[in-house]
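Listed below are the residues making up each chain.
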Amino acid sequence: MPASSAASAASLRTAMLANHLSSSTAQPASAVKAPTSASSDANPPVVTFEAVHALRRITLNRPKALNSLNDEMVDLIQPQLENFEASDLANVILIKGNGKHFCAGGDVVSITKGLNDPKTWRNGIDFFAKEYRMNQLLATTPKPVVAFMTGVTFGGGVGITGHGAFRVATETTQIAMPETKIGLFPDVGANFLLGRLDGQLGLYLGLTSFPLKGAATYFAGFASHYVPSERLAALEARLAELDVSATHETVNAAINEFAADADELRRGLADYPLVGPVRRAIDAIFARPTAEAILADLAALEQGSYDMSKIVLPQDGDVDMSAVQKWAKETREAISLRSPTSVKLSLKAIREGRKLTIDEVLRMDARLAAACCNPEIHPDFLTGVTDLLIRKIKPEDQRPAWKPATLEEVSDKHIQQTFFAHPPPFKNPPVPQLDFSRKNRPGAYAAYKNSPHAKWTLPSEREIEKIVKGEDGGSDGYAVTKQEVIDRLLQRWNGKVGVKEKVEEVLRRKTIVADEQTLQWL
């Protein structure tokens, strides 16, 4: 945009921000309470619901448990979401957590307590089924959903936030899918989300539980916006000003008023490690067909026998190979400590998820979760939760007694027959039949393979690649320069902060400069 326009926009943004920061964020007199569970001072409601004009606020309210989801919470949230969707008076749905953290995931300790008796195995899958119905509603509702991903946002927390249109990260945000640590798999529709991140990034995150922090969650594609936490109260007040006519475009513009500027984003990304040779290594190694091959390549990189031409380019300059080898060692060790069955199960589930619709992924999750809730079929879920979360044993101090204990003992045939075959080789617990009907849900999104909400995030690596290769709809058949790629995407994303930084990182990693400064995709 022209300098004068940019200055004007910046002045407007500053003025609006100052106005909101100086105004009271207390609830207006018109704020009304939606029903919550019965509570007292000693037992506050585990979720609160509030209506402020057209805004509907959902607050997870178990801060001492890091707002981890339990049966009662899901039972409260689901009907309220349905009510909000059906109401002509409700529009923007805001989801947040009370305290420093949004949500540490599902309350798996409570789930596994029922796995000690075959009569109560069904309790666990009943919880998962309810959770997945909630995830699907959030993924398909026509109402704009905004989630404040403050602090820890793990597992089930990703399920609540990741499927809505607007996912706001701050400098405090930590996102991870730690399921393979406890003998489970990335569920709550994460196999849809992980499979659609750039390259092999989603598979790497799903197998290793590597946590993304702060601006990295925005850069990687989990968040649609990056907003400094000190502005969240003002942003919330701004969202409460929007009436029932506000569209997704309106909400996006409102969030952008408070988003980090380019300097704030760059500072947030200063320590982001998944770039350059390490990022190329992720794409090369995690594209290997089997878990054994992935670990073998990581070991080769760790020992210095890997073909470095695959991950180091001349434009990288001096590369600290000891840091790359350290990453390989830590990654190999992390996967080696995980449940071998969960590693192979997760690898297949994430790759299958790339091909499925959101509804199909959640039904797949229900099938896999049912197997995990039968300790005779898959004992590692009960073992992992017991050791890591109940007995508090660190896996690096004492690796859980996984059964089978090694990757080599877990055959592809076993994974297919145990977790993916229909009918399953067990009847207890029964696989839930999830009803994802859109009947009586006018405007709900149909089952999609490509999220309608992807347009609110930074451009994907594939979108950048298409411009460089001349495959983009706006291409004229000529080779492009770095600046031309940046300018085209900045225009398409209306100057969104982070587009320039994302494009520059991808071009450094995936292209070389050819004649007349034009780019060649590797």
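The name given to the protein in an unreviewed UniProt entry is 3-hydroxyisobutyryl-CoA hydrolase, with Rhodotorula mucilaginosa as the source organism.

An order of 6-8-9 is seen for the three strands of this open sheet, with the pairing classed as mixed. On the outer flanks of this sheet lie strand 6 (152–154) and strand 9 (212–213), each paired with one strand and no other. In terms of strand pairing, strand 6 meets strand 8 (residues 174–176) through three bridges, oriented parallel. For V152, the partnering residue across the bridge sits in strand 8 and is Q174.

Here the focus is unusual backbone geometry. In the segment running from K403 into P404, the intervening peptide bond is cis, with an omega of -5°. Among the structural elements, P404 can be located in the loop between helix 17 (380–390) and helix 18 (412–420). Cis geometry marks the peptide bond from N428 to P429, where omega comes out at -5°. By the element assignment, P429 lies in the loop between helix 18 and helix 19 (461–469). Backbone geometry places N67, a non-glycine residue, at a positive phi of 55°.

Within strand 4 (residues 93–97), four of the five residues are buried, leaving the element largely enclosed by the surrounding structure. The pairing of strand 3 (residues 55–60) with strand 4 spans five bridges and is classified as parallel. Bridge assignment links R56 to a residue of strand 4, and that residue is I93. Tracing the backbone out of strand 3, into helix 2 (residues 71–86) and back to the parallel element strand 4 gives a crossover that is right-handed. Pairing analysis gives three bridges linking strand 4 to strand 5 (residues 145–149), with the strands arranged parallel. Residue L94 lies in a different strand from strand 5, and its bridge partner there is V146.

Now for the UniProt feature "domain: Enoyl-CoA hydratase/isomerase" (unreviewed entry) in the protein. As annotated in UniProt, the feature "domain: Enoyl-CoA hydratase/isomerase" (unreviewed entry) corresponds to residues 56–419 in the numbering used here. End C-alpha atoms of residues 56–419 are separated by 38 Å, and the span's content is 50% helix alongside 8% strand.

Right, let's get into the state of the cysteines. As enumerated under the stated definition, the model contains zero disulfides in all. The thiol sulfur of C372 is not disulfide-bonded, and the nearest other cysteine sulfur, from C373, lies at 6.9 Å. Using a relative accessible area of 0% as the deciding quantity, one classes C373 as buried.

One finds F128, F286, W327, F381 and V485 to be the most contacted residues of the largest nonpolar core, which totals 127 residues. Of all hydrophobic cores here, the second largest spans 22 residues; its members include V92, L94, F148 and F166.

Here the focus is the packing of helix 15 (residues 340–353) against helix 18. Remark: helix 15 packs on helix 18, axes separated minimally by 10 Å, with the N-to-C direction vectors making an angle of 70°. Comparing their axes, helix 18 and helix 15 come out roughly perpendicular. When helix 15 is examined against helix 18, the residues T341, K344, L345, K348, A349 and E352 are found in contact with a partner set consisting of D412, I415, Q416, F419 and F420. By residue class, the composition of the contact of helix 15 with helix 18 is five nonpolar, two polar and four charged.

Because side chains alternate across strand 7 (residues 166–169), one face comprises the buried residues F166 and V168, and the other comprises R167 and A169, equally buried. Bridge count for strand 5 against strand 7 is four bridges, and the pairing is parallel. Across the sheet, V146 pairs through a bridge with F166, a residue of strand 7. In this sheet, strand 10 (residues 225–226) lies alongside strand 7 in parallel orientation, the contact comprising two bridges. Within strand 10, the position partnered with A169 by the bridge is Y226.

Counted according to the given criterion, the structure contains 35 salt bridges. Its salt-bridge partner being D472, residue R492 comes within 2.9 Å of it at the nearest N-O pair. Taken together, the residues R492 in helix 20 (residues 482–492) and D472 in the loop between helix 19 and helix 20 connect sequence positions 20 residues apart. Given a relative accessible area of 41%, R492 falls into the partly exposed group. On the basis of relative accessibility, which here comes to 10%, the residue D472 falls in the buried class. For E505, the salt bridge identified is with R509, shortest N-O distance 2.8 Å. Pair noted here: E505 and R509 are both in helix 21 (residues 499–510), with a separation of four residues, about one helical turn. Owing to a relative accessible area of 6%, E505 belongs among the buried residues under this scheme. Residues participating in the shared-partner salt-bridge network are R279, D283, E461, E505 and R509.

Calculation notes
Residues numbered from 1 in each chain as written. Predicted model: local features only at pLDDT ≥ 70, side-chain atom pairs only at ≥ 80, totals over all residues. Heavy atoms only, no water. Pairing = 2+ DSSP bridges. Helix = DSSP H or I, 4+ residues; strand = E, 2+ residues; numbered from the N terminus. Buried < 20%, exposed > 50% of the residue type's maximum accessible area, 1.4 Å probe, protein only. Right-handed = clockwise from strand over helix to strand, strands pointing away. UniProt positions renumbered as here; feature names shortened; annotations may be inferred. Disulfide = S-S within 2.5 Å. Core = buried A, V, L, I, M, F, W, Y, C linked by side-chain atoms within 4.5 Å. Axes fitted to C-alpha atoms, helices over the stretch in contact; angles between N-to-C directions. Parallel < 35°, antiparallel > 145°, perpendicular 65-115°, else oblique. Contact = heavy atoms within 4.5 Å. Nonpolar A, V, L, I, M, F, W, Y, C, P; charged D, E, K, R; others polar. Salt bridge = Lys/Arg side-chain N within 4 Å of Asp/Glu carboxyl O.

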